[in-house]
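Structural overview
Take a look at the letters that make up each chain.
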Amino acid sequence: MPRRQPEQPRTAVLKDVARRAGVDASTVSRVLRGDDRKPAKPETRERILQVAREMGYRANGVARSLRTRRTEAIALVVPDVANPGFAEIFKGVQAATAAAGWQVILVDGGIPGGSDLGWDRLVLEGRIDGVLVMVASIRDPVVRRVARSGFPLVLVNRRSNGVAGSVVMNDGRGAELAVDHLASLGHRRIAHIAGPANVDTGRRRLAGFRGAMRRRGLALPGAWIAETDYTEAGGAAAARTLLEASERPTAVYVAAFMSGVGAMQVFRDAGLVVPDDIAVVVSDELSLAAHTAPPLTTVRMPLSRMGAVATDMLLRSLAGEAAADIVLEDEPELVIRASTAPPRDHPTVIAGSSPGSSPAMTRRAESRPRQIPR
């Protein structure tokens, strides 16, 4: 005769918690969901939480989804989950979703075929309530199709024609800060490893770079601008292109951190010393910058805050508010390390900047986002 299996203890449900806490089930539900529209007394709230912990209560997410017709989950679609810059943005997104009691699903939109079989499939299957997109090009048919369907969508660090709802940084000012720093060191031949021409982030940084060079009266031959795809390999390819110029630049501003890492490796392989032969400034301040060889001078951008602001916009749109297009007014900051120095033919430092200066130059603007016209 088969041995009888011991009975498993019954999982506590909402009514069990309510009965032991001496309150009605709706009060327990509001407390456990963090709903403050009709707040419970502090002592009642603490009693409910204590009872829920003692009974091992776990909310039934499936039942709640059926009742509210919401998954309480959003997706964040990034071009490459291995890129440490996107991890900083994810921190902001995760903090904002956790504060609201929501979940975030990270999706790698850089996988071949990913735009057709990845994040938009989550939309079609109803597995998320909204999406934050970082893979949009200026003319992106997938993003436009999802936006036109009325599904809540916010672009992060991107803007795309015909799609409302985006949060971007002051990328042009970041490029200006890089050029000003290099020029103050005495560099006159400054190149730019730019982002993709079909991504507006790259266009904005390129426009800021061109404007700063023009204001400084510095020449900018076409051979001193090379395009990359924001990857390490792309930065390496762009660096090789710059080294083929008839007149080699003495400094370069790189529009993406990992592209800068790839570029520095190519410079070293070519026998150049950074920063003596070529100075390097990269966009985005990441912890890795202090550990490269040499440590990288960077332009700190508000990556985490951009993720948090975009998440807040998406959650508000789910509550019925219209999405806007905003630029964060956080002022970029220059973090000076050993990858920048005066050129070999300029023994004195102009304007008092040097690698031995203060480790960071900070110029802040008010952090209030501003809307931009479409």
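Here goes a summary of the coordinates provided. (Residues numbered from 1 in each chain as written. Predicted model: local features only at pLDDT ≥ 70, side-chain atom pairs only at ≥ 80, totals over all residues. Heavy atoms only, no water.)

Brief notes about the pairing of strand β2 (residues 103-108)
Pairing geometry for strand β1 (residues 73-78) and β2, over 6 bridges, is parallel. Among the inter-strand pairings, alanine 75 is bridged to a residue of β2, identified as isoleucine 105. Handedness of the crossover joining β1 and β2 through helix α5 (residues 84-100) is recorded here as right-handed. (Pairing = 2+ DSSP bridges. Helix = DSSP H or I, 4+ residues; strand = E, 2+ residues; numbered from the N terminus. Right-handed = clockwise from strand over helix to strand, strands pointing away.)

Here we look at the nonpolar core
Counting 71 residues, the largest nonpolar core has Leu132, Val167, Val252, Phe267 and Val280 as the members making the most contacts within it. Broken down by element, this core gets its largest block of residues, 8 residues, from helix α13 (residues 303-318). Beyond its immediate sequence surroundings of up to four residues, valine 252 is in contact with Leu182, Ala191, His192, Ile193, Leu242, Phe267, Ile278, Ala279, Val280 and Val281. If you look at the next biggest cluster of nonpolar residues, it comprises 17 residues, including Val77, Trp119, Ile128 and Val146. (Core = buried A, V, L, I, M, F, W, Y, C linked by side-chain atoms within 4.5 Å. Buried < 20%, exposed > 50% of the residue type's maximum accessible area, 1.4 Å probe, protein only. Contact = heavy atoms within 4.5 Å.)

Some points on the packing of helix α11 (residues 232-243) against helix α12 (residues 257-269)
Geometrically, a packed helix pair is captured by the angle between its two axes and the distance between the axes. Put simply, α11 and α12 touch, their axes get as near as 6 Å, and they point 45 degrees apart. Considered as vectors, α11 and α12 are oriented oblique to each other. Crossing of α11 against α12: the hand is right-handed. Residues Glu232, Gly235, Ala236, Ala239, Arg240 and Leu243 of α11 lie in contact with α12, whose contacting residues are Met258, Ser259, Val261, Gly262, Ala263, Val266 and Phe267. Residues belonging to the contact of α11 with α12 are distributed by class as follows: 8 nonpolar, 3 polar and 2 charged. (Axes fitted to C-alpha atoms, helices over the stretch in contact; angles between N-to-C directions. Parallel < 35°, antiparallel > 145°, perpendicular 65-115°, else oblique. Left-handed = near helix turned anticlockwise from the far one by under 90°. Nonpolar A, V, L, I, M, F, W, Y, C, P; charged D, E, K, R; others polar.)

With respect to α12
Here α12 contains 13 residues, and its C-alpha end-to-end distance of 19 Å stays within 8% of the 18 Å for a straight helix at 1.5 Å per residue. For α12, a buried count of 10 out of 13 residues is recorded, marking the element as mostly surrounded by other parts of the structure. Close packing links the buried residues of α12 with α5, β6 (190-194), α11, β8 (251-254), β9 (279-283) and β10 (297-300). Positive phi appears at glycine 271, one or two residues downstream of α12, with a value of about 85 degrees. (Expected span 1.5 Å × (residues − 1).)

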